[in-house]
Amino acid sequence: MQKNLIDLAAILDLDSIGGDVFLGKSPNVREQRVFGGLIIGQAMFAACRTIESGLPNSLHCYFIQAGDPQVPLIYSVERLRDGKSYSTRRVTATQHGSTIFSSMVSFHRGEEGVFEHQDKMPPVPAPEHFAAEKLSKMALHTDLPDIVRRYYEPDRAVELRPVEIGRYVGQRIEDGRLHMWMKATKKLPDDPVLHICALAYASDLSLLDAVMARYGRTLFDGRILSGSLDHAMWFHRPSRADEWLLYAKDSPSAQSGRGLARGLIFRRDGTLVASVAQEGSVRERR
């Protein structure tokens, strides 16, 4: 495997092609479409390249068309506002002369606040409990889909360790709540911007699968057609994307061929670092 397939920093990196326009590439040209998290992360990275101070505090984006992995992505950044506390950027991604993705990114310079609270991290076993060697000893291991086993392969940018393993072999999750440990496979440089963009990349991994949890099904059974429609994210506190983070997900509603998924991302010490929401098209193949 090529080194940059597991190097998340290299995957997110962009080339400047003049002004506030940047060029990004997909690391795997064999895929049918560009991974949505890659576009989110690269778009955020492009926006960050136009900011002198402050870090992203929120992201709101729409997936307009599927991306072509064999064609470079062109990110154009518009500087909408630079205030004393907040700055705003609009980022548009294009391929073949058409817009495939649009996002708004807000930046905050940081300040001391009066109010401070957060939800508690769910009480789940540590990531070591779900290591590959332990998973291989479980009776259900031979029945797991190949895509789930791939979560543990070293040629991935982000390693995933799902907590509710039984749902991949038909177990229903009555309250629809799922948990997954995740971290960048390769250590990242000490750059807070890079870690935020890496977190945005990882936030799109398997989020919509929370829609299927109540039914004992997954997005990977071959009978489901799905795709992200939009994605929103709020960054609360600092984190490192190359250290274990718990992604707690649920889906409060599904209807009319669409499903809504939400997520809270915690550091291992229980600190809430980000909140996520995404709606997607979720249909049964006919």
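Just so it is clear, the structure is predicted and the values come from calculations on it, not from any experiment.

### A few points about the overall build of the protein chain
At step 1: Scanning the protein chain from N- to C-terminus turns up five helices and 12 strands.
At step 2: On C-alpha atoms alone, the protein chain measures out to a radius of gyration of 19 Å, which is about the 19 Å that the 2.2 N^0.38 rule sets for 286 residues.
At step 3: Viewed in the frame of its principal axes, the protein chain has a C-alpha envelope of about 55 × 50 × 40 Å.
At step 4: Split into buried and exposed, the 286 residues of the protein chain put 50% on the buried side.
At step 5: Taking as baseline every contact in the protein chain between residues at least 6 positions apart, the subset at least 24 positions apart corresponds to 69%.
At step 6: If you sum the accessible surface of the protein chain, you get close to 14,300 Å²; carbon and sulfur atoms cover 49% of it.
At step 7: Of the side chains in the protein chain, 37 bear a positive and 35 a negative charge, and the two mean positions are spaced by 2 Å.

### A word on helix α5 (residues 192-203)
At step 1: A rise of 1.5 Å per residue sets the reference length of α5, with its 12 residues, at 16 Å; its end C-alpha atoms lie 16 Å apart and thus fit the reference within 8%.
At step 2: For α5, the buried fraction is high: 11 of the 12 residues fall into the buried class.
At step 3: Listing the buried residues of α5 in full gives Val 193, Leu 194, His 195, Ile 196, Cys 197, Ala 198, Leu 199, Ala 200, Tyr 201, Ala 202 and Ser 203.
At step 4: The N-terminus of α5 is capped by Asp 191, whose side-chain oxygen sits 3.0 Å from the backbone nitrogen of Val 193.

### So, the pattern of salt bridges
At step 1: Counted under the stated rule, the structure contains 16 salt bridges.
At step 2: Two residues, Arg 268 and Glu 128, come together in a salt bridge whose shortest N-O distance is 2.7 Å. In this pair, Arg 268 is assigned in the loop between β11 (258-267) and β12 (272-284) and Glu 128 in the loop between β6 (98-108) and α3 (132-135), connecting sequence segments 140 residues apart.
At step 3: Classification of Glu 128 by relative accessible area gives partly exposed; the value is 37%.
At step 4: Taken together, the shared-partner salt bridges connect Arg 177, Asp 250 and Arg 262 into one network.

### A short note on the packing of aromatic side chains
At step 1: For the coordinates displayed, the defined rule picks out four aromatic pairs.
At step 2: The interplanar angle of 15° and the centroid separation of 6.5 Å between the aromatic rings of Tyr 168 and Phe 220 together place this pair among those described as stacked. Of this pair, Tyr 168 sits in the loop between β7 (158-162) and β8 (178-184) while Phe 220 is found in the loop between α5 and β9 (224-235), placing the two residues 52 residues apart along the sequence.
At step 3: Accessibility expressed as a relative area gives 8% for Tyr 168, which makes it buried.
At step 4: Members of the aromatic cluster, joined through ring pairs, are Tyr 151, Tyr 168 and Phe 220.
At step 5: A cation sits over an aromatic face here: Lys 183 above Trp 244, 5.2 Å from the ring centre.

### Examining the environment of Thr 92
At step 1: Secondary-structure assignment places Thr 92 in strand β5 (residues 86-95).
At step 2: Thr 92 gets classed as buried once you look at its relative accessible area, which sits at 16%.
At step 3: In the structure, Thr 92 is positioned 28 residues away from Lys 120 in sequence and 36 Å away in space, judged by C-alpha atoms.
At step 4: Apart from the residues lying within four places of it in its own chain, the contact partners of Thr 92 are Ile 74, Tyr 75, Ser 76, Thr 99, Phe 101 and Ser 102.

### Concerning the environment of Lys 137
At step 1: Here Lys 137 shows up in the loop between α3 and α4 (146-149).
At step 2: The spatial distance from the C-alpha of Lys 137 to the C-alpha of Met 182 is 21 Å, given a sequence separation of 45 residues.

### Focus on helix α2 (residues 36-48)
At step 1: Over its 13 residues, α2 extends 18 Å from the first C-alpha to the last, a length consistent with the 18 Å expected when each residue adds 1.5 Å.
At step 2: Burial analysis of α2 places 13 of its 13 residues in the buried class, which makes it a mostly covered element.

Rules used in this analysis
Numbers given for residues are sequential positions, taken from 1 along each chain in its written order. Restriction of local features to residues with pLDDT of at least 70 applies here, the model being predicted, together with a cutoff of 80 or more for giving and counting side-chain atom pairs; totals for whole chains, interfaces and linings are based on all residues. The side-chain values count all of the structure's non-hydrogen atoms but skip hydrogen atoms and water molecules. Strands here are runs of E lasting at least two residues and helices are runs of H or I lasting at least four, both read from the DSSP assignment and numbered beginning at the N terminus. The atom set for the radius of gyration is the C-alpha atoms, and the globule formula is 2.2 Å times the number of residues raised to the power 0.38. Exposed residues in this analysis have more than 50% of their type's maximum accessible area, buried residues have under 20%, and partly exposed residues fall in between, with area computed by a 1.4 Å probe over protein chains only. Residue contacts follow a heavy-atom distance rule, with two residues in contact if any of their heavy atoms lie within 4.5 Å. In this description, accessible areas are obtained by the Shrake-Rupley approach with a 1.4 Å probe, and a residue is regarded as covered only by the protein chains that are shown. Charge convention: Lys and Arg are scored as positive, Asp and Glu as negative, and His as well as the terminal groups of each chain are ignored. We put the charge of a Lys on NZ, of an Arg on CZ, of an Asp on CG and of a Glu on CD. Expected helix span is taken as 1.5 Å per residue step, with the number of steps being one fewer than the number of residues. In the analysis that follows, any N or O atom pair within 3.5 Å is treated as a polar contact, provided that within protein one partner can donate a hydrogen and the other can accept it, and provided that, for residues neighboring in sequence, both atoms belong to side chains. Counted as salt bridges are all cases of a side-chain nitrogen of Lys or Arg within 4 Å of a carboxyl oxygen of Asp or Glu. Pairs were defined over the aromatic rings of Phe, Tyr and Trp, the Trp ring being its six-membered one, requiring ring centres within 6.5 Å. Orientation was assigned from the angle between planes: stacked under 30 degrees, edge-to-face over 60, tilted for the rest. Here, a charge over a ring is recorded when the distance from Lys NZ or Arg CZ to the ring centre is within 6 Å and its angle to the ring normal is within 35 degrees.

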